[in-house]
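What follows is each chain in one-letter form.
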Amino acid sequence: MVDVDGVVIVHPDPEGWSVHLERDLDLPKALLQSAFFAPHWQDIILGRAGLRERLVPVLAEIAPGLSADRLVRYWFENDAHLDHGLLAQLAALRAGGIALHLATVQEHERARHIWDELALKQHFDGMHYAAALGWAKPEAQFFRAVEARTSFSPGEIFFIDDKAANVEAARAAGWSAALWDGSRPLASLMAEAAERPQGLA
């Protein structure tokens, strides 16, 4: 199980895809955060509301000259920097018979973009994401939902994520897990995790 943002997709700028949002689209990053992400993102990410359903009226208020289509396209295109080194390491595991799945916090539209347009479906056997599951990491129900969808038992799963809280939650769920920062080979993390008693964070 592999996280997406911060793991498979790593933006070269620490501020992420919206670092030049005001320069490029004349929309201050802080304004988009306060008017859209803060009040609406939780419902969208858990599948309770559609991305454009909430984004269109917000943009009509804060940036009437900017369409939702243009903003979403800008967002997805600027949040698409694949870590090809990690993908190569994962491909070697897959060639050895290990199934590869994505376990990620995404809404429906970007999940489809990641899977189809960025072609991660060529690298992974499945994708399990928050809006489809109705739960987000680090909630325990997220991990249980992934198990139910895949029929993998907790002891069969190794997981990497860039957030310590998610790694700890996965371990609490009985998964083998490691924090990913790109500094160590995946094989080393897997070997180290295999020696860790299950359920310990």
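As shown above, the structure is provided for reference.
To keep things clear, this report deals only with the structure shown in the data block. (Residues numbered from 1 in each chain as written. Predicted model: local features only at pLDDT ≥ 70, side-chain atom pairs only at ≥ 80, totals over all residues. Heavy atoms only, no water.)

## Description of the nonpolar core
(1) Moving on: Core analysis: the biggest nonpolar cluster contains 26 residues, and V8, L102, F124 and I160 have the highest contact counts within it.
(2) Moving on: Counting only elements with at least two residues in this core, the list comes to α5 (84-95), α6 (108-117), β2 (126-129), β3 (158-161) and α10 (186-194).
(3) Moving on: In contact with I160, other than residues within four places in its own chain, are M1, V2, D3, V7, L86, A178, W180 and L186.
(4) Moving on: Formed by 21 residues, the second largest nonpolar core is a distinct cluster that contains W17, A49, L51 and F76. (Core = buried A, V, L, I, M, F, W, Y, C linked by side-chain atoms within 4.5 Å. Buried < 20%, exposed > 50% of the residue type's maximum accessible area, 1.4 Å probe, protein only. Helix = DSSP H or I, 4+ residues; strand = E, 2+ residues; numbered from the N terminus. Contact = heavy atoms within 4.5 Å.)

## Section: the pattern of salt bridges
(1) Moving on: Following the criterion strictly, the structure yields 15 salt bridges and no others.
(2) Moving on: Close ionic contact of R52 with E109 constitutes a salt bridge, the shortest N to O distance being 2.5 Å. One end of the pair, R52, is in helix α3 (residues 51-62); the other, E109, is in helix α6, with 57 residues separating them in the sequence.
(3) Moving on: Residue class for R52 comes out partly exposed when judged on its relative accessible area of 28%.
(4) Moving on: Connected through salt bridges with shared partners, the residues D3, K137 and D161 form a single ionic network. (Salt bridge = Lys/Arg side-chain N within 4 Å of Asp/Glu carboxyl O.)

## Quick notes on the packing of aromatic side chains
(1) Moving on: A full pass over the atoms with the stated rule returns 12 aromatic pairs.
(2) Moving on: Each ring, one from F37 and one from W41, has its centre 5.2 Å from the other, and the planes form 65°; the classification is edge-to-face. With F37 and W41 both in helix α2 (residues 29-45), this residue pair falls four residues apart, about one helical turn.
(3) Moving on: You can call F37 buried: its relative accessible area is 15%.
(4) Moving on: Members of the aromatic cluster, joined through ring pairs, are W17, F36, F37, W41, Y74, W75 and F76. (Phe/Tyr/Trp six-rings, centres within 6.5 Å; stacked < 30°, edge-to-face > 60°.)

## Thoughts on helix α4 (residues 68-78)
(1) Moving on: Listing the buried residues of α4 in full gives A68, L71, V72, Y74, W75 and F76.
(2) Moving on: Considering only its buried residues, α4 is in contact with α1 (21-25), α2, α3 and α6.

## Considering the pairing of strand β1 (residues 101-104)
Every regular strand shows the same layout, with side chains that alternate between the two sheet faces.
(1) Moving on: Burial along β1 is two-sided: the residues H101 and A103 and L102 and T104 are all buried.
(2) Moving on: The pairing of β1 with β2 spans four bridges and is classified as parallel. Looking at the pairing, A103 lines up with H128 of β2.
(3) Moving on: Regarding topology, α6 serves as the crossover connection from β1 to the parallel β2, and that connection is right-handed. (Pairing = 2+ DSSP bridges. Right-handed = clockwise from strand over helix to strand, strands pointing away.)

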